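Descriptive structure summary
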Amino acid sequence: MIKLIPVSELLPGMFLHKLEVFWVHDSRVRNQMLLTDPRQIAAIKESGIEKVWIDLAKSVPHASANSETLRVPEITPGGFDSEVERARQIFQQGKGQIMAMFNEARLGTSLDLTSASALVDDIAGSVKRHPSALLSVARLKNHDDYTWLHSMAVCALMVSLAQKMGYDDEQMLRAGMGGLLHDIGKASVPLAILNKPGKLTDEEFIIMQQHPIMGAQMLMEAEADADIIDIALHHHEKFDGSGYPHRLAGKDISELSRMTAVCDVYDAITSMRPYKEGWNPAEAMHRMASWSGHFDRAIFHMFVKSLGIYPVGSLVRLASGRVALVTEVGNTSLLRPKVNIFYSLRTQREIPPEALDLADSFCCDSIIGPEDSNLWQRFNLSSVWRAGATA
């Protein structure tokens, strides 16, 4: 639907169909483009244009929101609950930005990375204040939102890992930016392949394997920094040289790309996808540890330390015969996180969620292992969500 609106109503996320003038000379503004940067709107307003045509069908979600809601509001630093709420807002608003960026890339428009930098700042700030909050929200994405929220989740995981590895603030932001943009090349993959619910054919997989090269080309055209381009190009390389597109091995793969390989795979296998349900995070950690040659072992060990042996969102079995959801990584021991108990294996019934700090000196319970990945069939999913909601 094409609609004529006053320029005063323009918002990021709207698709500019037609300007009906020829005197706007700002290189960031033209007909048939998605508005992603407030500076584009400012340029239109400064040109003296009063009305423009927008295409509602090509606009992305949140375009009709009030301008005050386009940035995450400041929240006074507090506990886990307040940071979870802020994380939800970051993901909700960041989803529109990522969708817009992918749509731009799919239309062949040169990427503007300004809004991406602001989103990375928001994500990094949340991770530094309380890493478990944003990562727990990231676990709740469904397969319909996977492409967009996966980018933000990998960004958060990269920031958390970079922090654990001793990177300074600037280096952490660069790691986060690389994580956010690592899959931008998937915008070149036909949607029928990208969203296919079943296994790809050999021909389709060959097309899918081109996305690192396409992503690197897009970022080169956007004049992204070399390390960000390298992440997009080489995040599917494996430490033993069996990855793609260039079959690099060992330290020939940049450290940031080796980090991204771990973060990308972890979020992918713990997420709900059209063709499979996600693994329990603790089980994912155990399986990834068994994959010989896939990852740089030193980096993977730092990744485990950054998230915990039982990451936020894991389902674990306790010695008391109960099942609990991990809500926070333990402060004193990776083996003793904070959990919410919600199910009894002995009675095979749900129980009211109960918060428990396994590191508490008065706690006589302990984890005896992760629950298996078949959790969606074994437990009522709503009970898992209720347990998480009390965190």
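For the structure itself, look to the data block above.
Small disclaimer: the values here were computed from a predicted structure and weren't measured.

Once that is clear, we can look at the packing of helix H10 (residues 226-234) against helix H11 (residues 255-269). It is the contact of H10 with H11, at a shortest axis distance of 9 Å, that shows an interaxial angle of 45°. On the basis of the axis angle, H10 is oblique to H11. Of the two possible hands of crossing, H10 and H11 adopt the one that is right-handed. For the pair H10 and H11, contact is made by Asp227, Asp230, Ile231 and His234 and by Leu256, Ser257 and Thr260, respectively.

What follows covers the environment of Gly96. Its place among the elements puts Gly96 in helix H2 (residues 80-106). In sequence terms Gly96 and Ser59 are 37 residues apart; their C-alpha atoms lie 9.8 Å from each other.

So, on to the side chain of Asp365. Along the polypeptide, Asp365 turns up in the loop between strand E8 (349-357) and strand E9 (367-370). Residue Asp365 is classed as buried on the basis of its relative accessible area of 5%. Here Ala319 takes part through its backbone nitrogen, which lies 3.2 Å from a polar atom of the side chain of Asp365. Among the polar contacts made by the side chain of Asp365, one reaches the side chain of Ser320 at a distance of 2.5 Å. The residues contacting Asp365, other than those within four sequence positions of it, are Leu318, Ala319, Ser320, Arg322, Arg336, Leu356 and Leu358.

On to the packing of aromatic side chains. Per the stated rule, a full pass over the model turns up five aromatic pairs. Both rings, one in Phe295 and one in Phe300, keep their centres 6.0 Å apart while their planes meet at 10°; by these two values the pair is stacked. In this structure, Phe295 and Phe300 share a single accessibility class: buried. Ring pairing ties together the aromatic residues Trp279, Trp291, Phe295 and Phe300, which thus form one cluster. Geometry around Trp279 places Arg287 over its ring, the cationic atom sitting 3.9 Å from the centre.

This part covers the side chain of Arg258. Relative to the assigned elements, Arg258 resides in helix H11. Ignoring anything within four residues of it in the chain, the contact list for Arg258 reads Phe239, Gly250, Lys251, Ile253, Asp296 and Ile299.

Time to look at the packing of helix H5 (residues 146-164) against H11. Angle between the axes and distance between the axes: these two values describe a pair of packed helices. Where H5 contacts H11, the axes come no closer than 9 Å and their chain directions differ by 130°. Between H5 and H11, the crossing angle belongs to the class labelled oblique. Handedness of the crossing formed by H5 with H11: right-handed. Of the residues in H11, those in contact with Tyr146, His150, Ala153, Val154, Leu157, Met158, Leu161 and Ala162 of H5 are Leu256, Met259, Thr260, Cys263, Asp264, Tyr266, Asp267 and Ala268.

Rules and cut-offs
Residues numbered from 1 in each chain as written. Predicted model: local features only at pLDDT ≥ 70, side-chain atom pairs only at ≥ 80, totals over all residues. Heavy atoms only, no water. Axes fitted to C-alpha atoms, helices over the stretch in contact; angles between N-to-C directions. Helix = DSSP H or I, 4+ residues; strand = E, 2+ residues; numbered from the N terminus. Parallel < 35°, antiparallel > 145°, perpendicular 65-115°, else oblique. Left-handed = near helix turned anticlockwise from the far one by under 90°. Contact = heavy atoms within 4.5 Å. Buried < 20%, exposed > 50% of the residue type's maximum accessible area, 1.4 Å probe, protein only. Polar contact = N/O pair within 3.5 Å; in protein donor to acceptor, adjacent residues only side chain to side chain. Phe/Tyr/Trp six-rings, centres within 6.5 Å; stacked < 30°, edge-to-face > 60°. Lys NZ or Arg CZ within 6 Å of the ring centre and 35° of its normal.

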